[in-house]
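Here are the chains, one letter per residue:
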Amino acid sequence: MRFIDEYRNVELGRGLIAKIAKLSIRPVKLMEFCGGHTVAIMRNGIRQLLPPSVQLLSGPGCPVCVTANVDIDVSISLAGLPGVTVTTFGDMMKVPGSYSSLQKARAEGADIRIVYSTQDAIQIARENSGRKVIFIGIGFETTAPTIAAAVLRAKAEGIRNFYVLCLLKLCPPVMKALLDLGEVKLDGIICPGHVSAIIGSKPYEFIPKEYGVACVISGFEPLDILLSVVMLVKQIETGQPRVEVAYRRGVRSEGNPVARRLIDTVFELSEANWRGIGNIAGSGLKFRKEFEEFDARLQFPISIEPVREAKGCLCGAILRGVKTPLDCSLFRRVCTPETPVGPCMVSSEGACAAYYQYGV
Amino acid sequence: MLPIINTGCNMSDRSNTIFLAHGSGSKLSHELIEKRLVPPLINPILSRLDDSAVFEYRGGRFAFTTDSYVVSPIFFPGGDIGRLAVCGTVNDLAMSGASPLYLSLSFIIEEGLTFEELELVLDSIKRAAEEAGVSIITGDTKVVNRGSADKLFINTSGIGVVAEGVDISGSNARVGDKIIISGAIGDHGIAVMSQREGLKFSVPIQSDCAPLNKMVAEMLAVSSQIHCLRDPTRGGLATALNEIARQSGVGIRIEEERIPIHDGVRAACELLGFDPLYVANEGKLVAVLAPEIAEKVLEKMRQNRYGHEAAIIGEVTDEHKGRVVMKTRLGASRIVDMLTGELLPRIC
């Protein structure tokens with residue numbers, strides 16, 4: 001298959017692995033930011049192929065995983081309101097909140113539908129004018145423009161029964177928060193590919209400048225990741241940390257200005273609540289005043305029971321790169337994809353699910 | 001059994017409700033069957049949990065099976081619910097090494113189905129039965145209110161006869177056996193999914209829905225040393241191999257680069273975030289057989305129209321018992337687990 005096979009080429013892969021082994025002298029800790037990276041690494045067994053000096057840690061780049069319990073609880077409560085249809089990406093269905101999950105609420109009669117895109121949610125709103133259709137808007141800079149576009153469409157068409165529970169989050173601010181926490185001494189970051197297709201490479205420049213940490217924007221094929229590791233190791237060994245793009249076919253340094261304009265039209269910066277990290281100022285998006293009619297938080301005031309966190313669940317520490325799924329006493333024993341305790345076991349891009357699914 | 005531990009805060013999904021995921025061919029489906037459905041009805045034939053029940057009666061050995069078909073949409077590229085209802089049951093019989101003889105046919109029709117649609121389905125049933133060489137000898141029809149079914153549900157049961165010397169079961173895999181897949185995986189699941197979601201590909205992906213009994217007969221004519229046969233339907237190849245590993249108490253090792261997958265399916269899986277190993281097939285089989293006959297059987301399979309892309313993809317080992325491990329293209333190893341939950345699209 002063209003444009004895929006090239007990036008899975010075995011010979012080139014072996015060449016890159018040999019190059020890493022040759023270049024890497026001092027032990028380095030690299031964080032693969034994206035859940036998609038974690039899956040590609042596990043699925044291709046890349047950890048086993050790297051020299052022991054290169055350690056890969058999973059980061060907080062899985063939108064389902066970083067959704068806080070309170071926001072799951074709010075989603076479930078919204079689904080329980082009369083006349084409301086909740087639409088969501090499939091991965092959210094099984095995430096346990098404090099007391100229930102969307103999947104459980106659906107089985108108990110709530111009208112919750114899985115959609116592939118925000119446009120599907122709009123379509124459901126069009127076809128069910130008697131119901132209030134709420135989209136659970138999780139995601140990063142990649143998803144934000146699509147939600148913004150849907151909201152603009154709804155506004156243009158005069159669709160009055162479409163709402164978004166906006167849980168959108170931004171990547172560079174959480175990277176800064178992790179570096180400020182300083183729990184893990186990172187040498188380099190494998191930066192998100194699709195997020196960077198929107199925001200470009202500039203928003204990461206503070207990382208090498210202020211923290212001396214190497215950055216390479218990576219795609220999601222095995223060769224993309226191996227190439228990024230080569231580039232990171234080279235930056236670290238030569239003592240020249242900077243932002244480089246290994247994912248040239250997907251990312252321009254200026255990003256996608258059209259998509260960013262869409263985000264900017266509909267949303268403004270706000271504080272966001274990250275699982276395991278907490279509230280980070282300026283790390284999320286909220287509706288601008290002129291779009292408040294779409295804001296499910298404002299239009300459906302609800303109260304929820306006190307939030308409870310699952311005892312023993314290490315999702316928070318795993319998202320910060322402090323622990324790995326193998327450190328968690330619940331992993332594989334109590335917490336499995338069928339009986340997930342935390343979201344990292346639910347999402348197909350969660351670190352725990354990837355370790356469970358592919359780990360040897 | 002997976003431990004049920006109340007973690008206090010985690011609500012876990014072990015409530016008193018059945019979820020869609022219980023029907024997806026995943027681990028939850030297996031739990032539903034093994035922990036709830038089988039125990040109250042347990043008997044030695046049922047407890048084998050193969051694709052068909054094989055029993056002896058007056059000196060003959062027979063295979064008996066039943067399956068319900070609820071596919072949506074009822075017409076999809078490469079097939080429809082009628083062809084599926086015949087092939088699925090014929091294949092379940094064939095996977096026990098039986099020659100299928102007779103089928104029953106029950107319709108549950110939702111009010112509002114057109115006669116034209118029903119006739120198209122019937123015609124396809126007729127043609128699939130002719131191709132498989134089976135007769136439909138009894139049936140039933142119910143019509144239910146709009147909303148009580150989705151257009152058309154079909155149940156078929158089938159009976160077949162097992163030849164002497166044939167002993168095929170998911171629990172018969174032996175260390176050293178080779179594993180064959182009869183062709184490219186994932187065509188059916190992606191064909192149905194793309195029809196359902198209105199996805200268009202430049203090369204349309206057709207369901208592989210087909211009766212495999214003639215190919216199985218040809219394989220058995222080469223050698224009776226075929227130990228397991230399974231059609232990797234819901235849950236895909238990964239789940240079928242895990243079932244065999246568990247039932248036989250052996251490890252299975254497969255090689256990623258040997259598994260045939262059509263480009264269209266690979267592309268669709270990339271797009272939708274699916275792993276083709278978990279996508280359903282309706283015209284493929286997995287065979288586990290003695291190494292000395294593997295090449296010969298493979299050659300025979302490749303002569304059949306439904307087996308021309310057949311390939312040896314791995315072997316049975318005494319390591320990692322009960323698990324399936326895959327050698328990746330880059331030479332590393334990873335676990336291939338059963339499907340967990342529903343197949344869901346990825347979100348970013």
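Residues numbered from 1 in each chain as written. Chains lettered and ligands numbered in written order. Predicted model: local features only at pLDDT ≥ 70, side-chain atom pairs only at ≥ 80, totals over all residues.

(A) Structural context of the overall build of chain A. Helices and strands together make up the secondary structure of chain A, namely 15 helices and 11 strands. Scaling as 2.2 N^0.38, a compact globule of 360 residues should have a C-alpha radius of gyration of about 21 Å, and chain A matches this with 20 Å. In terms of overall dimensions, chain A has a C-alpha envelope of 65 × 45 × 40 Å along the principal axes. In chain A, buried positions account for 58% of the 360 residues. (Helix = DSSP H or I, 4+ residues; strand = E, 2+ residues; numbered from the N terminus. Rg over C-alpha atoms; globule rule 2.2 N^0.38 Å. Buried ≥ 20, exposed ≤ 12 C-beta atoms within 10 Å, placed from the backbone.)

(B) The arrangement of the domain arrangement of chain A in detail. Residue and element names in this part refer to chain A. On domain assignment, one finds that chain A holds domain 1 (5-63 + 172-237), domain 2 (69-170 + 255-295) and domain 3 (315-358). Of note, the centres of domain 1 and domain 2, computed from C-alpha atoms alone, are 30 Å apart. At the junction of the two partners, domain 1 supplies 13 residues and domain 2 supplies 17 residues. At the level of secondary structure, the elements contributing two or more residues to the side of domain 1 that touches domain 2 comprise helix H8 (171-181) and helix H9 (193-199). In terms of residue count, the dominant contributor to the side of domain 1 that touches domain 2 is H9 (six residues). For the side of domain 1 that touches domain 2, the per-class residue count stands at 10 nonpolar, three polar and no charged. (Domains from an automatic or database assignment. Contact = placed C-beta atoms within 7 Å. Nonpolar A, V, L, I, M, F, W, Y, C, P; charged D, E, K, R; others polar.)

(C) Broad picture of the sheet that holds strand E8 (residues 214-217) of chain A. All names here are of chain A. The five strands are arranged E2-E1-E7-E8-E9 in an open sheet whose pairing can be described as parallel. The sheet terminates laterally at strand E2 (54-61) and strand E9 (243-245), the two strands that pair on one side only. With strand direction ignored, the average angle separating the axes of adjacent strands in the sheet is 20 degrees. By the bridge criterion, six bridges tie strand E1 (residues 28-34) to E2 in an arrangement that is parallel. (Pairing = 2+ DSSP bridges. Axes fitted to C-alpha atoms, helices over the stretch in contact; angles between N-to-C directions.)

(D) Highlighting the sheet that holds strand E8 (residues 178-181) of chain B. All names here are of chain B. Here we have seven strands laid out as an open sheet, ordered E9-E11-E8-E12-E10-E13-E14, and mixed in their pairing. For this open sheet the edge positions go to strand E9 (226-230) and strand E14 (333-336), each flanked by a neighbour on one side alone. When strand polarity is set aside, the average angle formed by the axes of neighbouring strands in this sheet is 25 degrees. Sheet contacts for helix H8 (residues 291-303): E8, strand E11 (286-289) and strand E12 (311-317); angle to E8, the most-contacted strand, approximately 10 degrees.

(E) The arrangement of the packing of helix H1 (residues 10-23) of chain A against helix H11 (residues 222-237) of chain A in detail. Residue and element names in this part refer to chain A. Two elements in contact, H1 and H11, have axes whose closest approach is 9 Å; the angle formed by their N-to-C orientations is 20 degrees. By the criterion of interaxial angle, the relationship of H1 to H11 is roughly parallel. Taken as a pair, H1 and H11 cross one another with a handedness that is left-handed. Between H1 and H11, the contacting residues are Leu12, Gly13, Leu16, Ile17, Lys19, Ile20 and Leu23 on the first element and Pro222, Leu223, Leu226, Leu227, Val229, Val230, Val233, Lys234 and Glu237 on the second. Looking at the contact of H1 with H11 residue by residue, the classes come out as 12 nonpolar, one polar and three charged. (Parallel < 35°, antiparallel > 145°, perpendicular 65-115°, else oblique. Left-handed = near helix turned anticlockwise from the far one by under 90°.)

(F) Local environment of the domain arrangement of chain B. Residue and element names in this part refer to chain B. Per the domain assignment, the segments of chain B are domain 1 (50-162) and domain 2 (178-336). Taking only C-alpha atoms into account, the centre of domain 1 sits 23 Å from that of domain 2. Counting from both sides, the interface comprises 24 residues of domain 1 and, opposite them, 23 residues of domain 2. Among the secondary structure elements, those contributing two or more residues to the side of domain 1 that touches domain 2 are helix H2 (81-94), strand E5 (98-110) and helix H3 (115-132). If one sorts the elements of the side of domain 1 that touches domain 2 by residue count, H2 sits on top with nine residues. A breakdown of the residues in the side of domain 1 that touches domain 2 according to their chemical character gives 14 nonpolar, seven polar and three charged.

(G) Summary view of the environment of Leu32(B). Along the chain, Leu32(B) falls in helix H1 (residues 27-37). Sequence-wise, Leu32(B) and His22(B) are 10 residues apart; in three dimensions their C-alpha atoms are separated by 6.7 Å.

(H) Examining the pairing of strand E3 (residues 84-88) of chain A more closely. All names here are of chain A. Across the five residues of E3, five count as buried, placing the element largely inside the fold. In this sheet, strand E4 (residues 111-114) lies alongside E3 in parallel orientation, the contact comprising four bridges. Bridging across to E4, Thr87 finds its partner in Arg113. The parallel pair E3 and E4 is bridged by helix H5 (residues 102-107), and the resulting crossover is right-handed. (Right-handed = clockwise from strand over helix to strand, strands pointing away.)

(I) Local environment of the packing of helix H5 (residues 213-222) of chain B against H8(B). Residue and element names in this part refer to chain B. Running from amino to carboxyl end, H5 crosses H8 at an angle of 145 degrees, the nearest separation of the two axes being 9 Å. Seen from above, H5 lies across H8 with right-handed handedness. Every residue of H8 that contacts H5 at Met215, Glu218, Met219 and Val222 is listed here: Ile293, Lys296, Val297, Lys300 and Met301. Grouping the amino acids of the contact of H5 with H8 by side-chain chemistry returns six nonpolar, no polar and three charged.

(J) View of the pairing of E9(B). Residues and elements named next belong to chain B. Burial runs high along E9: five of the five residues are buried. In this structure, E9 lies alongside E11, joined through four bridges in antiparallel fashion. Residue pairing in the sheet places Ile226 in a bridge with Leu289 of E11.

(K) Just unusual backbone geometry, in detail. Residue and element names in this part refer to chain B. Put simply, Ser72 and Pro73 share a cis peptide bond, and its omega is 0 degrees. Structurally, Pro73 can be placed in the loop between strand E2 (60-69) and strand E3 (75-76). The residue Leu49 is not glycine, and still its phi comes out positive at about 55 degrees. Position of Leu49 among the secondary structure elements: in the loop between H1 and strand E1 (53-57).

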